[in-house]
Every structure is written in structure tokens, then in C-alpha cells.
Amino acid sequence: MKTLKFRHNLVQKILDGSKTVTWRFFDDKDLQVGDQLKFIDWDNGNKFAEVEIVKVREKKLGEIDEKDFKGHEKYENDKEMLKHYREYYGEKVDTDTVIKIIDFKFLRASQ
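Everything numeric in this text was worked out from a predicted model, so none of it was measured.

### Structural notes on the packing of aromatic side chains
Here is step 1 of the chain: Applying the stated criterion across every chain yields a total of 14 aromatic pairs.
Here is step 2 of the chain: Centroid distance Phe-6 to Phe-39: 4.4 Å. Interplanar angle 50°. Geometry classified as tilted. Of this pair, Phe-6 sits in strand β1 (residues 2-6) while Phe-39 sits in strand β3 (residues 36-41), and the two are 33 residues apart along the sequence.
Here is step 3 of the chain: Look at Phe-39 and you get buried, because its relative accessible area is 1%.
Here is step 4 of the chain: An aromatic cluster of at least three residues, connected via ring pairs, comprises Trp-23, Phe-25, Phe-26, Phe-69, Tyr-75, Tyr-85, Tyr-88 and Tyr-89.

Quick look at the structure:
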């Protein structure tokens, strides 16, 4: 089963259902509709959920619009969003970088 890691501050949002979308750059796992995933807390390494991917689409970061934020955390502005993703992926991320927008449904919590 494929895994994805999330920062600790996002774990509760996933568990309570307020976060149902993740954005991923440079997808080395070939994430596709129907994949079941284990979600891992980045900070402590614990598995906290199992989900299934229900929708995948791709878009350039600079083309993100309001509807793409449904189920995803928002940023103060485009500059802050770019800064956030450069912290994870480095300076290679710019407004032309293609991201995978992944909608998932929660299957079960893990202990």
C-alpha cells in the first residue's frame, strides 16, 4: 500500500473530515484514482488513517483558483502559497510547476 506523509498540524483536519484534498508535486508514486493509501504523521512516523483516492487532476500552481481550495487549507495569498511549497520542495517550485490535486475519501483511522 502506498503511503503519504502529512505534517502533524494536518492530521486532525484529515481525521475530522475538514481536509479531503492533498496537493502533490513531482508524484513519484504514480497516484491514481482507486489507490488505497496509508497516511503517516510526518512528525512522529505513526500511521493515522487509510484513505482511497476518488479524483485526480493536474494543474499548474499559478492556475489554482478558489474551487481548488475546497477540502484543502488556504493561504493568505499566492506569494505565501509559493513560499510554503518551496519549503517542502525547494526553489524548483514556481507558478508553472504542475501539481496533482488529489481528492480522497476517509476509510478508517489507524492506531
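Still more to cover.
### Some thoughts on helix α1 (residues 8-15)
Here is step 1 of the chain: Of the positions making up α1, those classed as buried are Leu-10, Val-11 and Ile-14. The buried side chains of α1 occupy one side of the element, clustering within an arc of 120° when seen end-on. Seen from the open side of α1, the exposed residues pointing more than 90 degrees away from its buried face are Asn-9 and Gln-12.
Here is step 2 of the chain: Just past α1, the residue Gly-17 takes up positive phi, approximately 85°.

### Re the environment of Tyr-89
Here is step 1 of the chain: Assignment of secondary structure puts Tyr-89 in helix α2 (residues 78-89).
Here is step 2 of the chain: In this structure, Tyr-89 is in contact with Arg-24, Phe-25 and Phe-26, ignoring residues within four places of it in sequence.

### Description of the environment of Asp-30
Here is step 1 of the chain: Following the sequence through the fold, Asp-30 ends up in the loop between β2 (21-25) and β3.
Here is step 2 of the chain: Here Asp-30 falls in the partly exposed class, since its relative accessible area comes to 44%.
Here is step 3 of the chain: Each C-alpha atom of the pair Asp-30 and Lys-2 lies 9.6 Å from the other, and the pair is 28 residues apart in sequence.
Here is step 4 of the chain: Here the side chain of Asp-30 touches Gln-32 through a polar contact of 2.6 Å, side chain to side chain.

About the cut-offs
Residues numbered from 1 in each chain as written. Predicted model: local features only at pLDDT ≥ 70, side-chain atom pairs only at ≥ 80, totals over all residues. Heavy atoms only, no water. Phe/Tyr/Trp six-rings, centres within 6.5 Å; stacked < 30°, edge-to-face > 60°. Helix = DSSP H or I, 4+ residues; strand = E, 2+ residues; numbered from the N terminus. Buried < 20%, exposed > 50% of the residue type's maximum accessible area, 1.4 Å probe, protein only. Arc of directions from axis to C-beta. Contact = heavy atoms within 4.5 Å. Polar contact = N/O pair within 3.5 Å; in protein donor to acceptor, adjacent residues only side chain to side chain.

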